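Results of the structural survey
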Amino acid sequence: MSSLNTSERWPVGAMLRVRPISRPGHSRTPGFIEGHAGTVVRDWGDFPDPEALARGERDAPRVGVYLLAFDPATLWPDTPPRPGHRVLVDVFGPYLEPA
């Protein structure tokens, strides 16, 4: 059985929200970006789904991985603004949805 890309493709410039993860255990998404919107800066291509790999699925489906840019002021509103700064995070496609 061949692996398929099961995630949607998001273009550079798309505004996406990181889905909140509400389950016990390890997540491949940093908690401080969950529920926040960021802009796609780069599409890194497709990689095996880490959730499937963690379950021992040897032929894990392939999913997109994206570099997202976040405004630090939206992540940490109590911090003084820093014009021109951004937070860059690689995120697996299944954790993303349109903002």
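The present account deals with the structure reproduced in this document. Just so you know, these numbers come straight off a predicted model, no measurement behind them.

1. So, the pattern of salt bridges
Applying the stated criterion across every chain yields a total of six salt bridges. The closest approach of N and O atoms between R17 and E97, which form a salt bridge, is 2.5 Å. Separated by 80 residues along the polypeptide, R17 in strand β1 (residues 15-18) and E97 in strand β5 (residues 96-98) bring together distant segments of the chain. Classification of R17 by relative accessible area gives partly exposed; the value is 27%. Across the salt bridge formed by E97 and R19, the nearest N and O atoms sit 3.8 Å from each other.

2. Observations regarding the nonpolar core
Within the largest apolar cluster, 19 residues are counted, with the highest numbers of intra-cluster contacts made by L16, I33, V40, L68, F70 and L96. For this core, the secondary-structure elements that each account for two or more residues are β1, β3 (62-70) and β4 (87-92). At five residues, β3 tops the list of elements feeding residues into this core. Beyond its immediate stretch of four places on either side in the chain, F70 contacts V18, I33, H36, A37, G38, L75, R86, V87 and V89.

3. Some details on the side chain of E97
For E97, a relative accessible area of 19% gives the class buried. A polar atom in the side chain of E97 sits 2.5 Å from the side chain of R17. The residues touching E97, leaving out its near neighbours within four places in the chain, are W10, L16, R17 and R19.

Here is what the cut-offs are and how they apply
- Residues numbered from 1 in each chain as written.
- Predicted model: local features only at pLDDT ≥ 70, side-chain atom pairs only at ≥ 80, totals over all residues.
- Heavy atoms only, no water.
- Salt bridge = Lys/Arg side-chain N within 4 Å of Asp/Glu carboxyl O.
- Helix = DSSP H or I, 4+ residues; strand = E, 2+ residues; numbered from the N terminus.
- Buried < 20%, exposed > 50% of the residue type's maximum accessible area, 1.4 Å probe, protein only.
- Core = buried A, V, L, I, M, F, W, Y, C linked by side-chain atoms within 4.5 Å.
- Contact = heavy atoms within 4.5 Å.
- Polar contact = N/O pair within 3.5 Å; in protein donor to acceptor, adjacent residues only side chain to side chain.

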